[in-house]
Amino acid sequence: MNEKSQNFLRYAFLVLVGLIMIYPLIWLFLASFKSNQEIFGALSLLPSKFTLIPYIEGWKGSGQFTYATFYINTFKMVIPTVLFTVVSSVLVGYGFARFKFPFKKILFTILISTLMLPNAVIIIPRYMLFNIFGWINTYNPFIVPSMFACYPFFVFMMVQFLRGLPIELDESALLDGCNSFVILTRVLLPLCKPAVFSIAIFQFMWTWNDFFNSLIFINSTKKFNLTLALRMSLDSQAGVNWNQIMAMATVAIIPCVLLFFFAQKYFVEGIATTGLKG
Amino acid sequence: MKFRDNLNCGLNPSPSKKVVKRKFKNYTGLIYILPWIIGFVVFQLYPFIATLFYSFTNYSLGRVPKFIGLKNYIDMFTNDPYFFQAVKVTTIYVMMVVPLKLIFALFIAIILNVKIKFVNFFRTIYYIPSILAGSVTISILWRALFVNDGLVNNLLSFFHIGQIQWLGSSLMALFTISMLGVWQFGSSMVLFLAGLKQIPKELYEAGKVDGASKIRMFRIITIPLLTPIIFFNLIMQMINAFQEFTSAFVVTNGGPMRGTYLFGMKLYEEAFKNFKMGYASSLSWMLFLAIMVFTLLIFKSSSSWVHYEDGGEF
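Residues numbered from 1 in each chain as written. Chains lettered and ligands numbered in written order. Predicted model: local features only at pLDDT ≥ 70, side-chain atom pairs only at ≥ 80, totals over all residues.

Our next topic: the overall build of chain A. Secondary structure summary: chain A contains 15 helices and zero strands in total. Overall, chain A is about 70 × 70 × 35 Å in size when its C-alpha atoms are taken along their principal axes. Relative to its 278 residues, chain A shows a buried fraction of 44%. Pairs at least 24 residues apart make up 75% of the contacts formed inside chain A by residues separated by at least 6 positions. (Helix = DSSP H or I, 4+ residues; strand = E, 2+ residues; numbered from the N terminus. Buried ≥ 20, exposed ≤ 12 C-beta atoms within 10 Å, placed from the backbone. Contact = placed C-beta atoms within 7 Å.)

Below, the structure written as structure tokens:
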């Protein structure tokens, strides 16, 4: 097979797989402008008549609470979680990457093992614990663990990244009389931008889309985030107003998709640092 | 454990590197990691031990737990009509999703690992579904695609291939859910791609000089050098697959006839619908043991198939 036909095959295959990956998402987006009859049974991607009614009707949510509430709730949950995750991961990552202290090896091994600790195994006592703290039906089950660096994936990412920075930087700052915290904030942190962005973006996506934990920890409609609201709409509208469900499903992932396109390189970088170095 | 050593390497710089004498006191580092130590103890270690404890009790929310020995574990095997169903469904799901996802991710990564135009574009497109992993939107989409008069069946009838009841029978529904998992192969693919980029070009050139065919080079260069990443992906994807919940819950709600009644759903129902916390704890420990057994098996086998350039010793 010559190079040309080989390349042609390659592209043909890539395009085919690309279609399988992206077509459903485009279909979802365009279906949200269709009438209910048109969503099922018809093959055309484009709606015969664009209508915004699914968005207007779907936005009303449960009647008592609109999707505006659910949107705000989601941000109330996601923003603090992301911020605290970044701060705590940087601090803990710095501790592991740059210092010697007793039991370091054991502690780091524990950190790595918790990467593999299934969430499903600890969720029940967590629920009871949060119940005692009075955190059920608040966003604390998400926010507080993020203050304490309970997302080992991100700490590990930070450790890996910091280890890649030359120790000479610390040394010269040390000679200049900086203390360890100043070294971190003034010298190292500016260089950590890629890692910090990666952490923020991943955590944003994961918290934004989290369903299992939200389902367990949040139970009043007033506090629903988008994933729970979608599930509610699905239960109440399925078989009736699919276009409204599609419209709200689209609304719910728009921030993620936008963020992905703007911050693409950090995704790839982040994933590559964590999985590979070392 | 090589996996751990692999991740651990470089943390303690080797003697050949300049070891820097730090002026800071021994405990400065501990102060920085203190938040994590607290978080680990309160939000991970305690719950982990507590589930084990609760699994020997008949605890339910608002009641004082009473020790009942192994009763939960015995009940599971003798007195629970759906336990084995959940185990069966989950096993099939894991066996289907994990290999398919990894093979697909590797295959695509290899195709993408050449200097051709639009590589980045394709990579982006393939990556999108996996960043939305676990989102309810995707599950809703899947349901809409695979219902009887959904897009997939419309396409099939357009090409005159008869319609398929994707969500109609137990096995088909499980297959459809698994496809959702495989569809999200993007993050594994990115890892493979990064790994492929790290393989030194000289190896292939040397192979070429020796007259090795492309297939042979793939077998003796590419695959061995990728095994650490295959290993990492395998473990992580397996752990995730065992806990899958959202797709089964939203797309099929465990049905039809509990055909997609994944272990995650079973756990959720016992703990947060029936509030049988004690029993659910024993279930979650079974899940943990299953994951542990598989992880250990993979670790054990790794010495025979995972290749580290430096022999795996650090």
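Structure shown, so let's carry the discussion forward.
Turning our attention to the overall build of chain B. Check the secondary structure of chain B and you find 14 helices and zero strands. Starting at the N terminus and ending at the C terminus, chain B contains elements arranged as α-α-α-α-α-α-α-α-α-α-α-α-α-α. When its C-alpha atoms are laid out on the principal axes, chain B stretches across 70 × 65 × 30 Å. For chain B, with 314 residues in total, the buried portion stands at 40%.

We now examine the packing of helix α5 (residues 104-115) of chain A against helix α8 (residues 152-163) of chain A. Residues and elements named next belong to chain A. Axis separation between α5 and α8 bottoms out at 8 Å; the angle between their running directions is 130°. In this view, α5 runs oblique relative to α8, as classed from their interaxial angle. Two packed elements cross with a definite hand, and for α5 against α8 that hand is left-handed. Residue-level inspection shows Leu111, Ile112, Thr114 and Leu115 of α5 in contact with α8, the latter providing Pro152, Phe153, Val155 and Phe156. Residue composition of the contact of α5 with α8, grouped by class: seven nonpolar, one polar and no charged. (Axes fitted to C-alpha atoms, helices over the stretch in contact; angles between N-to-C directions. Parallel < 35°, antiparallel > 145°, perpendicular 65-115°, else oblique. Left-handed = near helix turned anticlockwise from the far one by under 90°. Nonpolar A, V, L, I, M, F, W, Y, C, P; charged D, E, K, R; others polar.)

The next point concerns the interface of chain A and chain B. Accessible area lost on assembly of the parts is the figure often given for the size of an interface. At the junction of the two partners, chain A supplies 78 residues and chain B supplies 81 residues. A per-element tally of the side of chain A that touches chain B places helix α1 (residues 3-31) of chain A first, with twelve residues.

The next subject is helix α10 (residues 180-188) of chain A. The complete set of buried residues in α10(A) reads Ser180(A), Ile183(A), Leu184(A) and Leu188(A). Take α10(A) and look down its axis: the buried residues cluster within an arc of 100°, on one side only. Tucked inside the fold, the buried residues of α10(A) contact α4 (67-98), α8 and α9 (167-175) of chain A together with α2 (28-54) of chain B. (Arc of directions from axis to C-beta.)

Let's shift gears to helix α11 (residues 214-242) of chain B. Given a rise of 1.5 Å per residue, 29 residues ought to cover 42 Å, yet the end C-alpha atoms of α11(B) are separated by just 36 Å, more than 12% below that figure. If you look at α11(B), its biggest bend is around 50°, right at Thr227(B), and the proline Pro228(B) turns up within four residues after that. (Expected span 1.5 Å × (residues − 1). Bend = angle between axes of the 7 residues up to and from the residue.)

Residue and element names in this part refer to chain B. The share of residues in chain B with pLDDT of 70 or more is 90%, and the mean pLDDT across the chain is 85. Below a pLDDT of 50 lies the segment residues 1-23, which in the model reaches 29 contacts outside its immediate sequence neighbourhood of four places, other chains included. ipTM for the predicted complex: 0.87, alongside a pTM of 0.88. (pLDDT = per-residue confidence, 0-100.)

Quick look at the environment of Phe70(A) now. Note that Phe70(A) resides in helix α4. Residues Phe70(A) and Pro47(A), 23 residues apart in the sequence, show an inter-C-alpha distance of 28 Å.

The subject of this paragraph is the packing of helix α3 (residues 71-78) of chain B against helix α14 (residues 277-305) of chain B. Think of two packed helices as two axes; the pair is described by the angle between the axes and how far apart they sit. All names here are of chain B. Between α3 and α14, the least distance of the axes is 9 Å, while the angle of their chain directions is 75°. Between α3 and α14, the interaxial angle falls into the category roughly perpendicular. Contacts between α3 and α14 involve Asn72, Tyr73 and Met76 from the first element and Gly278, Tyr279, Ser282, Leu283 and Met286 from the second. Broken down by class, the residue content of the contact of α3 with α14 amounts to five nonpolar, three polar and no charged.

Take unusual backbone geometry next. Outside of glycine, negative phi angles account for most residues, and trans bonds account for most peptide bonds. All names here are of chain B. A positive phi angle, near 50°, is found at methionine 257, a position not held by glycine. Inspection of the secondary structure assignment puts methionine 257 in the loop between α12 (246-252) and α13 (263-272). According to the C-beta neighbour criterion, methionine 257 is exposed, with 11 such atoms within 10 Å.

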